Amino acid sequence: MTQSAEFLKALDSCEAQARLDVLPGSTNNHFKSMTWQFENQRGDLITIDFNDLLDMVEKHPDWLLVHTVDWIVLTKLIWLSLASTATPSQYVSSVPSG
């Protein structure tokens, strides 16, 4: 088993949700949701959208099979780790175009 697969198994969804909940400006976000919103110090909403990752899953389905890692969950966990050292004003809003 790869090291990344072991890391994902060790981190349960309750812990991931708790990490999301304690981020400054978190507004009723759910870890399994594809979009998260945060309120910055001025009251502006910042949207983090993970839907673009679905294109990666469709374009490279073999990658998931080879690495046994959920690409979206991995990205969310990395984002939570990085965001824990930032403020909402430093988050970059990602809203799908269309």
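Residues numbered from 1 in each chain as written. Predicted model: local features only at pLDDT ≥ 70, side-chain atom pairs only at ≥ 80, totals over all residues. Heavy atoms only, no water.

### Quick look at the overall build of the protein chain
Phase 1: When helices and strands are counted, the protein chain shows 5 helices and 2 strands.
Phase 2: The order of α-helices and β-strands along the protein chain, N terminus first, is α-α-β-β-α-α-α.
Phase 3: A total of 98 residues make up the protein chain; the buried ones form 30% of that total.
Phase 4: Taking as baseline every contact in the protein chain between residues at least 6 positions apart, the subset at least 24 positions apart corresponds to 50%.
Phase 5: Roughly 6500 Å² of accessible area belongs to the protein chain as shown, and the carbon and sulfur atoms make up 56% of that amount. (Helix = DSSP H or I, 4+ residues; strand = E, 2+ residues; numbered from the N terminus. Buried < 20%, exposed > 50% of the residue type's maximum accessible area, 1.4 Å probe, protein only. Contact = heavy atoms within 4.5 Å. Areas by Shrake-Rupley, 256 points an atom, 1.4 Å probe, with all protein chains shown as cover.)

### Side note on the nonpolar core
Phase 1: Counting 17 residues, the largest nonpolar core has Leu23, Trp36, Phe38, Ile48, Trp79 and Tyr91 as the members making the most contacts within it.
Phase 2: Only α2 (13-21), β1 (35-39), β2 (45-49) and α5 (71-83) provide two or more residues apiece to this core.
Phase 3: Broken down by element, this core gets its largest block of residues, 5 residues, from α5. (Core = buried A, V, L, I, M, F, W, Y, C linked by side-chain atoms within 4.5 Å.)

### Details of the pattern of salt bridges
Phase 1: In this structure the tally under the stated criterion is 1 salt bridge.
Phase 2: A salt bridge links Arg42 to Asp44, with the nearest nitrogen and oxygen atoms 3.2 Å apart. (Salt bridge = Lys/Arg side-chain N within 4 Å of Asp/Glu carboxyl O.)

### Structural notes on the pairing of β1
Phase 1: Alternating residues of β1 divide into Trp36 and Phe38, all buried, and Thr35, Gln37 and Glu39, none buried.
Phase 2: In the sheet, β1 pairs with β2 via 5 bridges, with the strands oriented antiparallel. What sits directly across from Trp36, in β2, is Ile48.
Phase 3: Connecting β1 to the next strand, β2, in antiparallel fashion are 5 residues, including Gly43 with a positive phi near 90 degrees. (Pairing = 2+ DSSP bridges.)

### Observations concerning the confidence of the model for the protein chain
Phase 1: Put simply, the protein chain has an average pLDDT of 78, and 74% of its residues get 70 or more.
Phase 2: For the protein chain, helix α1 (residues 3-10) is the element with the lowest average pLDDT, namely 50, and β1 is the one with the highest, namely 94.
Phase 3: Per-residue pLDDT stays below 50 along residues 1-7; that stretch engages in 8 contacts with residues further than four places along the chain or on separate chains. (pLDDT = per-residue confidence, 0-100.)

### Focus: the packing of aromatic side chains
Phase 1: Inspection of every chain in the model, using the stated rule, returns 4 aromatic pairs.
Phase 2: With a centroid separation of 5.9 Å and an interplanar angle of 40 degrees, the aromatic rings of Phe31 and Trp36 are classed as tilted. Exposure class is identical for Phe31 and Trp36. Each is buried.
Phase 3: Judged by centre distance (5.7 Å) and plane angle (70 degrees), the rings of Trp36 and Trp79 are edge-to-face. (Phe/Tyr/Trp six-rings, centres within 6.5 Å; stacked < 30°, edge-to-face > 60°.)

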